[in-house]
Amino acid sequence: MPLIVVYVTAKDLVQGRKIAKHLLEQKLAACVNIVNGIESHYLWEGKLEQSFEVLLVIKTRKTLFAKLTKAVKEVHSYSV
């Protein structure tokens, strides 16, 4: 059973905790670590942006990746 680590950023601790709880309740993750206070730099709609976010470090099985991705999108506020 191959295991993977998935990284997801969220806008703040409240949202990060919401995503973590959602994944754990659905048994899509064995553990979610939340790292607070990361500084992210990225391009969004053609502009260079910077923001402070939290990083979710999600441990799961490779076979659950598609379901995990769908579950994150259900509760995440970001659009991609």
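Residues numbered from 1 in each chain as written. Predicted model: local features only at pLDDT ≥ 70, side-chain atom pairs only at ≥ 80, totals over all residues. Heavy atoms only, no water.

Undergrad: For this particular structure, what's the right way to read helix 1 (residues 13-25)?
TA: Helical geometry: 3.6 residues make up each α-helical turn, so side chains three or four residues apart lie on a common side. Here helix 1 is 13 residues long and its end C-alpha atoms lie 18 Å apart, about the 18 Å a rise of 1.5 Å per residue gives. Listed in full, the buried residues belonging to helix 1 are Gln15, Gly16, Ile19, Ala20, His22 and Leu23. The buried residues of helix 1 occupy an angular sector of 160° when the element is viewed end-on, so they sit on one face. Relative to its buried face, helix 1 has exposed residues pointing more than 90 degrees away, namely Val14, Arg17, Lys21 and Glu25. In the stretch just after helix 1, Lys27 is the one whose phi turns positive, near 55°. (Helix = DSSP H or I, 4+ residues; strand = E, 2+ residues; numbered from the N terminus. Expected span 1.5 Å × (residues − 1). Buried < 20%, exposed > 50% of the residue type's maximum accessible area, 1.4 Å probe, protein only. Arc of directions from axis to C-beta.)

Undergrad: Help me out: how do you make sense of the packing of helix 1 against helix 2 (residues 65-75) in this one?
TA: The angle between the axes and the distance between the axes are what describe a pair of packed helices. The contact between helix 1 and helix 2 brings their axes to 10 Å, and the two run at 140°. By the angle class used here, helix 1 and helix 2 are oblique. Note that helix 1 runs across helix 2; the crossing there is right-handed. Residue-level contacts link Gln15, Lys18, Ile19, His22 and Leu23 of helix 1 to Leu68, Ala71, Val72, Glu74 and Val75 of helix 2. (Axes fitted to C-alpha atoms, helices over the stretch in contact; angles between N-to-C directions. Parallel < 35°, antiparallel > 145°, perpendicular 65-115°, else oblique. Left-handed = near helix turned anticlockwise from the far one by under 90°. Contact = heavy atoms within 4.5 Å.)

Undergrad: Quick question: what am I supposed to make of helix 2 here?
TA: Buried within helix 2 we find Leu68, Ala71, Val72 and Val75. Buried residues of helix 2, viewed axially, fall in a sector of 100°; they line one side. Every exposed residue of helix 2 that faces more than 90 degrees away from the buried side is listed here: Ala66, Lys70 and Lys73. Looking at the buried positions of helix 2, the neighbouring elements they touch are strand 1 (3-10), helix 1 and strand 3 (47-61).

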